[in-house]
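Spelled out, the chains give:
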Amino acid sequence: MSAAATAAAAAQTRPGAERRWEERVQRAAHPFVYPLLSRIRRPVLRVPRVGVVVTEAELVRSVLLDTARFTKTGPGSPADLWTPVLGPSVLLNMEGVDHLALRRRLGPLFAPAFVNALTAETLGGAAARLTERLLAGERVDAVAEVRDFAGRVISRLVGLDHDVVDAGLFARVSAVTGYVRLSRPRFTEPQVRRARAVLDELTTHARAAYRDDGVPARTVPARMRELGLSEQEAMGAVGAFVLTGTETLVSYLPRMLAILHDTGWLGVLARDRSGEAAAIAEGLRVTTPSPVMLRSVAAPARIGGVAVGPGDRVVLATFLADRAAGAFDPVANPAASLKQLWFGAGAHFCLGAPLAMAQIGTTLGAVLDAAAAAPLAIVERRAQRGTLIPGYSRLVLERS
Ligand code: HEM
């Protein structure tokens, strides 16, 4: 943005106006844990029954980069949660050379050309229809809309052209992530059985696509076969993509639209798109859709001043680390100094980040196209209760 445009934008915005609803969204999802963690004023604090909580950005990053001492595979780590559901080799429960090798093989699926084509094919038409409906004066629930978008993308990931992921299946996937609680390091047996049933529903399609698709591959599972993944690895990857890449976006996109609306930035960007990238980054920073990351301590270490030892669970409170940089502010853009901490850091940095950014850009672009013709207002909204990833259950937009 030019200096004049920046000054004009700043005059039309309401700094900090996003906080009231963001706070409600977080509390609705985690009525006990959110206030508990938000009260922490120290960079590192041992919290009984939760773990060693880290709240400062540089310390969070240092833990993420030290995979020799802090792993995703020990007691209290993500592996404890996900291995019984997804199997042993699904990136988010792996470390070391096997992890690196699998990531390398999956890399081409997240290369810009592949991701942009996938997003255009799956969301292009739906995004254009979103703009048209808003322009026609229809009331549009952004949550239902982005769930539909996510369903289209999942359908593509599991290898189907048509939309197999309806609202029912989507709700069953959300129920699985809803089993996760900070105070509960493992799923119960019935939860594991239910989670496996949901994933089997998805991988039935993916398995068929992996086996039957021709050469060159037309579907994502078959592309994984071409990239050298075994059938088991490919099914694990499909499960991991669905679990990590769906709710984060269904959480983020409506929250981003709400923040832009509440702060006045929706109108600013509708007139001048040059601040779009900073607004998206700032939105990701203040919402941090994946609010915490977990690690297990493998060898004695210190985090800040606190000594930790094997078996300790480390809770990286990314949402606090990101939020410490202040309120949503695309002009000062404090997000720029955080190196996308909301996507993690180091070996496990979000593999799907390019796909997430493509989907975010497409959705925001569709809304801004409508907002450029007439201002949009939020006419109804409700925070979602009791979910792992905080978000709205309803956020209705309409031309004002
Ligand atoms: C706004 C959306 C998203 C956010 C905020 C997000 C955030 C994250 C974070 C913080 C991690 C690192 C976790 C850790 O180190 O413990 C991660 C990992 C991962 N994400 Fe995302 N994610 C998003 C969207 C997606 C999408 C769309 C996909 C793919 C379809 C995806 C796939 C993955 C995978 C496979 C990993 C595991 C990588 C590994 O362990 O090597 N994510 N994500």
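Every value quoted in this text rests on a predicted model; they were computed, and no experiment measured them.

Visitor: Which residues make up the overall build of the chain, and what values go with them?
Guide: Of regular secondary structure, the chain possesses 17 helices and 10 strands. The C-alpha radius of gyration of the chain comes to 21 Å, within 12% of the 21 Å expected for a compact globule of 400 residues. Taking the principal axes of its C-alpha atoms as reference, the chain extends roughly 55 × 55 × 35 Å. Classification of the 400 residues of the chain by burial places 56% in the buried group. Sequence separation of 24 or more characterises 72% of the internal contacts of the chain that already satisfy a separation of 6 or more. In the form shown here, the chain has an accessible surface area of approximately 16,600 Å², with 56% of it arising from carbon and sulfur atoms.

Visitor: How would you explain the site of the ligand if you had to name every residue and give the values?
Guide: The immediate surroundings of the ligand are formed by 25 residues, with Lys72, His99, Arg295, His348 and Cys350 found nearest. Measuring from an oxygen atom of the ligand, one finds a side-chain N or O atom of Arg103 at 2.8 Å. A distance of 2.8 Å separates an oxygen atom of the ligand from a polar atom in the side chain of Arg295. Every element with two or more residues in the shell around the ligand is listed here: helix H6 (96–106), helix H12 (231–245), helix H13 (247–263), strand E5 (293–297) and helix H17 (353–373).

Visitor: So, the environment of Ala197: which residues are in play, and what are the values?
Guide: Within the secondary structure layout, Ala197 lies in helix H10 (residues 189–212). With a relative accessible area of 45%, Ala197 lands in the partly exposed category. The sequence separation of Ala197 and Arg172 amounts to 25 residues, and the corresponding C-alpha distance is 9.7 Å.

Visitor: Let's hear about the packing of helix H9 (residues 167–178) against H10: which residues, and what values?
Guide: Closest axis-to-axis distance for the H9/H10 pair is 9 Å, and the angle between their directions is 140 degrees. Taken together, the axes of H9 and H10 are oblique relative to one another. The handedness of the crossing between H9 and H10 comes out as left-handed. In this structure, H9 contributes Leu169, Arg172, Val173 and Val176 to the contact, and H10 contributes Ala195, Val198, Glu201 and Leu202. Grouping the constituent residues of the contact of H9 with H10 by class yields six nonpolar, no polar and two charged.

Visitor: Which residues make up the sheet that holds E5, and what values do they have?
Guide: Sheet architecture is open: five strands sit in the order E1-E2-E8-E5-E3, paired in mixed fashion. Here the strands that pair on one side only, and so sit at the sheet edges, are strand E1 (44–47) and strand E3 (70–71). Of the strand pairs in this sheet, E3 and E5 are connected by two bridges, and their pairing is antiparallel. Directly across from Thr71, in E5, lies its bridge partner Ser296.

Cut-off values and rules
- Residues numbered from 1 in each chain as written.
- Predicted model: local features only at pLDDT ≥ 70, side-chain atom pairs only at ≥ 80, totals over all residues.
- Heavy atoms only, no water.
- Helix = DSSP H or I, 4+ residues; strand = E, 2+ residues; numbered from the N terminus.
- Rg over C-alpha atoms; globule rule 2.2 N^0.38 Å.
- Buried < 20%, exposed > 50% of the residue type's maximum accessible area, 1.4 Å probe, protein only.
- Contact = heavy atoms within 4.5 Å.
- Areas by Shrake-Rupley, 256 points an atom, 1.4 Å probe, with all protein chains shown as cover.
- Near = heavy atom within 4 Å.
- Polar contact = N/O pair within 3.5 Å; in protein donor to acceptor, adjacent residues only side chain to side chain.
- Axes fitted to C-alpha atoms, helices over the stretch in contact; angles between N-to-C directions.
- Parallel < 35°, antiparallel > 145°, perpendicular 65-115°, else oblique.
- Left-handed = near helix turned anticlockwise from the far one by under 90°.
- Nonpolar A, V, L, I, M, F, W, Y, C, P; charged D, E, K, R; others polar.
- Pairing = 2+ DSSP bridges.

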